[in-house]
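# Topology and contacts: notes
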Amino acid sequence: MHCVICKRGTVKSGTVQAELRIGTDHLMVPVEADVCDECGEAYYSTEAMRHLEQVRENFLSKVIAPPSVGHVYQIS
Ligand SMILES: [Zn+2]
């Protein structure tokens, strides 16, 4: 399958770190996706999207409390 974004790359399945933004929080979530080897565009499956929604809900309702791996800094 060819990438519809750059039209040059080939899309292959693999694991990517999807980024969820919840307010000022960023969640890095490893999910299965088809990734373009040229531009890096990720195509998520319906299952992956569902998984990301589940993670978002679990985070908001504090069912999960993942460790922090970085900080967001605001320059004023
Ligand atoms: Zn591409």
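Calculation notes
- Residues numbered from 1 in each chain as written.
- Predicted model: local features only at pLDDT ≥ 70, side-chain atom pairs only at ≥ 80, totals over all residues.
- Helix = DSSP H or I, 4+ residues; strand = E, 2+ residues; numbered from the N terminus.
- Buried ≥ 20, exposed ≤ 12 C-beta atoms within 10 Å, placed from the backbone.
- Pairing = 2+ DSSP bridges.
- Axes fitted to C-alpha atoms, helices over the stretch in contact; angles between N-to-C directions.

Okay, the environment of Tyr73 next. Residue placement: Tyr73 occurs in the segment after α1 (46–60). Given 5 C-beta atoms within a 10 Å radius, Tyr73 is considered exposed. Separated by 52 residues in sequence, Tyr73 and Arg21 have C-alpha atoms that sit 15 Å apart.

Attention now moves to the sheet that holds strand β3 (residues 42–44). One open sheet accounts for three strands, arranged β1-β2-β3; its pairing is antiparallel. Strands at the two margins of the open sheet, each flanked by one partner only, are β1 (11–22) and β3. Direction aside, neighbouring strands of the sheet carry axes that sit 55° apart on average. Strand direction decides the pairing type here: strand β2 (residues 25–36) and β3, joined by three bridges, are antiparallel.

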